[in-house]
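# Survey of secondary and tertiary structure
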Amino acid sequence: MQVLTGYIGASGWALDFSTTISSVQFSVDGTNVGYASLGGYRPDVCSVIGNYPGCPYQGWSISFDTTQFSDGPHNLSGLIIAADGRQARLNQAFIVDNGHAGFQIQRCIAS
């Protein structure tokens, strides 16, 4: 499983064979972290899959702050919605390690 720290960025592509993609929304353990920016230039996808609606601008990207989540395992979920309302989901497990447990406060008393 991938270990993530601090602000991270994720990107990829999504396409539908009959219409364009309306939105890609991400959440971590059910908590919304935002909507991906759509329209990234991905001619590589079209050259392999073919010329479908939205080609060559099927790319998406998003960033979020992992420090808003506790250290340990989590699940990133993406909800992809096509212009005609059809939906698809993707899930990816990951681990947050921001080192929260590494801090100690010591009190010194002089005698």
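In what follows, the accompanying structure is described. Note that the structure is a prediction, hence the values are computed from the model and not measured. (Residues numbered from 1 in each chain as written. Predicted model: local features only at pLDDT ≥ 70, side-chain atom pairs only at ≥ 80, totals over all residues. Heavy atoms only, no water.)

## Structural notes on the pairing of strand β6 (residues 59-65)
Counted residue by residue, β6 has five buried out of seven residues, so it is predominantly covered. As judged from the seven bridges shared by strand β2 (residues 7-13) and β6, these two strands associate in the antiparallel manner. Directly across from Tyr7, in β6, lies its bridge partner Asp65. The pairing of strand β5 (residues 37-40) with β6 spans three bridges and is antiparallel. Looking across to β6, one finds that Gly40 is bridged to Gly59. (Buried < 20%, exposed > 50% of the residue type's maximum accessible area, 1.4 Å probe, protein only. Helix = DSSP H or I, 4+ residues; strand = E, 2+ residues; numbered from the N terminus. Pairing = 2+ DSSP bridges.)

## A closer look at the sheet that holds β5
Reading across from one edge, β2-β6-β5 is the order of the three strands in this open sheet, with antiparallel pairing throughout. Taken across any chain shown, the strands that pair with only one partner, and hence form the sheet edges, are β2 and β5. Strand-to-strand twist in this sheet, taken as the mean axis angle between neighbours without regard to direction, amounts to 25°. (Axes fitted to C-alpha atoms, helices over the stretch in contact; angles between N-to-C directions.)

## Points about the side chain of Asp65
Here Asp65 shows up in strand β6. Buried charge without a salt bridge: Asp65, with Arg89 as the nearest opposite-charge side chain at an N-O distance of 22 Å. Within the structure, the side chain of Asp65 is placed 2.7 Å from the side chain of Thr67, a separation counted as a polar contact. When near neighbours in sequence (up to four residues on either side) are disregarded, Asp65 contacts Gly6 and Tyr7. (Lys, Arg positive; Asp, Glu negative; His and termini not counted. Salt bridge = Lys/Arg side-chain N within 4 Å of Asp/Glu carboxyl O. Polar contact = N/O pair within 3.5 Å; in protein donor to acceptor, adjacent residues only side chain to side chain. Contact = heavy atoms within 4.5 Å.)

## Structural notes on the packing of aromatic side chains
What the rule picks out here adds up to three aromatic pairs. Here Phe26 and Trp60 contribute two aromatic rings whose centre-to-centre distance is 5.0 Å and whose plane-to-plane angle is 45°, an arrangement assigned as tilted. In this pair, Phe26 is assigned in strand β3 (residues 21-28) and Trp60 in strand β6, connecting sequence segments 34 residues apart. A centroid spacing of 5.4 Å and a plane angle of 45° characterise the contact between Tyr41 and Tyr57, whose relative ring orientation is tilted. Taken together, the residues Tyr41 in the loop between β5 and α1 (43-49) and Tyr57 in the loop between α1 and β6 connect sequence positions 16 residues apart. On the accessibility criterion, Tyr41 (54% relative accessible area) is exposed. On the basis of relative accessibility, which here comes to 49%, the residue Tyr57 falls in the partly exposed class. (Phe/Tyr/Trp six-rings, centres within 6.5 Å; stacked < 30°, edge-to-face > 60°.)

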